[in-house]
Amino acid sequence: MNRYLLPLSVLGTAVGGAVLLRDYVAGGACPSKATIPGKTVIVTGANTGIGKQTAMELARRGGNVILACRDMEKCEAAAKDIRGETLNHCVRARHLDLASLKSIREFAAKITEEEKQVHVLVNNAAVMRCPHWTTEDGFEMQFGVNYLGHFLLTNLLLDRLKASAPSRIINLSSLAHIAGHVDFDDLNWEKRKYDTRAAYCQSKLAIILFTKELSWRLQGTGVTVNAVHPGVARTELGRHTGMHSSAFSSFTLGPVFWLLVKSPELAAQPSTYLAVAEELEGVSGKYFDGLKEKAPAPEAEDEETAQRLWAESARLVGLEVPGASSVRGQPLPK
């Protein structure tokens, strides 16, 4: 019997070490124990994956959580799951289709009508490497949903966020932004051959540029905004990549996926941290890789690009109002 003890001990040590390494690589749990009783939180794309788990975490901490989703059947089911799991009955489902400017405006109007305050907005929803689809308004799908939709939504909710200060906006970006480039001559891929990967990277770069510019514009309001790469997670986001449908890739890359790919629960920790951590009060315009602040790609910090993108985005979504300027330092469109 003793001859088996050493091999078993070595195996146990190896397995334990692998688990610890995985936890270290993937990042840990939100270090903040802060609660947010009664604070109103909106999470887009909250019916599944990171969004649902973020909503779960914030509901567990006492938030009045609104799940904003396109598929209302899944959204209602997610809200029911979260209420049951957290015993927080202040969890509601609301319709929001980020591929429709009309839907975004309707959602914002309903929130403005129903909610006196909005303390936290988590812009989580995304599509990744889909075919060359367009939104209801003709925008390339990834640019439209991941970035433009959230750009409009955030601007329409700014009055509520300012009235609720101190309040926070969390924009989910991706490490993929480092491979992105904002092509102002063809933002919607109407002239070039469509590259779904490049389109995704552009959308995630745009989110960080938006974060930087919005932070500058919100100085002195008590509203902060930060961007975060939550890590690579096992969610439905990668359904268009074909990675998991390949038996070969699953077999050969399985160990790598196990080490590097987070569960949705773990991937929700950075968003939760940015939403609740007391030590982040007043921190704005930053990019976080997981739980740690890091410098983004150089293009993501280019002020001229950020200002130009803001002006073009406002034009595309019809945010401009006579007498208001989209130039930095001037009043924001209402």
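Here, the structure is the one placed above.
The notes below deal with the structure included here. Bear in mind the structure is a predicted one, so any value in this text is a computation, not a measurement.

Quick look at the packing of helix α4 (residues 101-114) against helix α5 (residues 141-156)
Where α4 meets α5, the axes come as close as 10 Å, and the angle between the chain directions of the two elements is 25 degrees. The pairing of α4 with α5 is recorded here as roughly parallel in orientation. The way α4 lies across α5 gives a crossing that is right-handed. Residues Leu 101, Ile 104, Arg 105, Phe 107 and Ala 108 of α4 form the contact with α5, whose participating residues are Gly 149, Leu 152, Leu 153 and Leu 156. Taken together, the residues of the contact of α4 with α5 break down into 7 nonpolar, 1 polar and 1 charged.

Focus: the packing of helix α2 (residues 49-60) against helix α10 (residues 269-276)
Look at α2 against α10: their axes get within 9 Å of each other, and the N-to-C directions meet at 40 degrees. In this view, α2 runs oblique relative to α10, as classed from their interaxial angle. Once α2 is placed against α10, the crossing between them reads as right-handed. Where α2 approaches α10, its residues Thr 54, Glu 57 and Leu 58 are matched on the opposing element by Gln 269, Ser 271, Thr 272, Ala 275 and Val 276. Grouping the constituent residues of the contact of α2 with α10 by class yields 3 nonpolar, 4 polar and 1 charged.

Points about the packing of aromatic side chains
Under the criterion given, the structure shown has 7 aromatic pairs. With centroids separated by 5.0 Å and ring planes inclined at 75 degrees, the aromatic side chains of Phe 151 and Trp 310 adopt a geometry described as edge-to-face. In this pair, Phe 151 sits in helix α5 while Trp 310 sits in helix α11 (residues 303-317), placing the two residues 159 residues apart along the sequence. Phe 151 sits in the buried class, given a relative accessible area of 0%. Relative to Trp 310, the ring of Phe 210 lies with its centre 5.8 Å away and its plane at 35 degrees, an arrangement referred to as tilted. With a gap of 100 residues between them, Phe 210 in helix α7 (residues 196-217) and Trp 310 in helix α11 connect regions that are remote in the sequence. There is no split in this pair, since Phe 210 and Trp 310 are both buried. Clustering of aromatic rings is evident, with ring pairs tying together Phe 143, Tyr 147, Phe 151, Phe 210 and Trp 310. The ring of Trp 189 is capped by Arg 192, whose NZ or CZ atom sits 3.6 Å from the centre of that ring.

Observations concerning unusual backbone geometry
That bond from Ala 165 to Pro 166 is cis: its omega, 5 degrees, falls within 30 degrees of zero. With respect to the element layout, Pro 166 can be found in the loop between α6 (158-163) and β5 (167-172). Despite not being glycine, Leu 87 has its phi angle at roughly 60 degrees, a positive value. The exposure class of Leu 87 is exposed, given its relative accessible area of 66%. In the Ramachandran plot, Trp 189 falls in the positive-phi region, its phi being about 55 degrees despite a non-glycine side chain. For Trp 189, the position within the fold is in the loop between β5 and α7.

What to know about the pattern of salt bridges
In a structure, side chains of opposite charge can pair up when their charged atoms sit close to one another. Under the counting rule described, the total for this entry stands at 14 salt bridges. We note a salt bridge from Arg 217 to Glu 213, for which the minimum N-O separation is 3.0 Å. With Arg 217 and Glu 213 both in helix α7 and 4 residues apart, this pair spans about one turn of that helix. Across this residue pair, the class does not change: Arg 217 and Glu 213 are buried. For Glu 312, the salt bridge is made with Arg 315, and the minimal N-O distance between the two is 2.6 Å. In this pair, Glu 312 and Arg 315 are both assigned in helix α11, 3 residues apart and thus about one turn of the helix distant.

Here's the deal with the nonpolar core
Counting 52 residues, the largest nonpolar core has Ile 42, Tyr 147 and Ile 169 as the members making the most contacts within it. For this core, the elements supplying multiple residues, two or more each, are β2 (64-69), α4, α5, α6, α7, β6 (223-229) and α11. Excluding anything up to four places from it in sequence, Ile 169 contacts Leu 121, Asn 123, Thr 154, Leu 158, Leu 161, Leu 214, Leu 218, Val 223, Thr 224, Val 225 and Asn 226. Counting residues in hydrophobic clusters, the runner-up holds 34 residues, among them Ala 34, Val 91, Tyr 273 and Phe 288.

Looking at α7
Its 22 residues give α7 an end-to-end C-alpha distance of 32 Å, which sits within 8% of 32 Å, the value for a rise of 1.5 Å per residue. Where burial is concerned, most of α7 is hidden: 17 out of the 22 residues are buried. The residue sitting at the N-terminus of α7 and contributing the capping side-chain oxygen is Asp 195; that oxygen lies 3.1 Å from the backbone nitrogen of Arg 197.

Cut-offs applied
- Residues numbered from 1 in each chain as written.
- Predicted model: local features only at pLDDT ≥ 70, side-chain atom pairs only at ≥ 80, totals over all residues.
- Heavy atoms only, no water.
- Axes fitted to C-alpha atoms, helices over the stretch in contact; angles between N-to-C directions.
- Helix = DSSP H or I, 4+ residues; strand = E, 2+ residues; numbered from the N terminus.
- Parallel < 35°, antiparallel > 145°, perpendicular 65-115°, else oblique.
- Left-handed = near helix turned anticlockwise from the far one by under 90°.
- Contact = heavy atoms within 4.5 Å.
- Nonpolar A, V, L, I, M, F, W, Y, C, P; charged D, E, K, R; others polar.
- Phe/Tyr/Trp six-rings, centres within 6.5 Å; stacked < 30°, edge-to-face > 60°.
- Buried < 20%, exposed > 50% of the residue type's maximum accessible area, 1.4 Å probe, protein only.
- Lys NZ or Arg CZ within 6 Å of the ring centre and 35° of its normal.
- Salt bridge = Lys/Arg side-chain N within 4 Å of Asp/Glu carboxyl O.
- Core = buried A, V, L, I, M, F, W, Y, C linked by side-chain atoms within 4.5 Å.
- Expected span 1.5 Å × (residues − 1).
- Polar contact = N/O pair within 3.5 Å; in protein donor to acceptor, adjacent residues only side chain to side chain.

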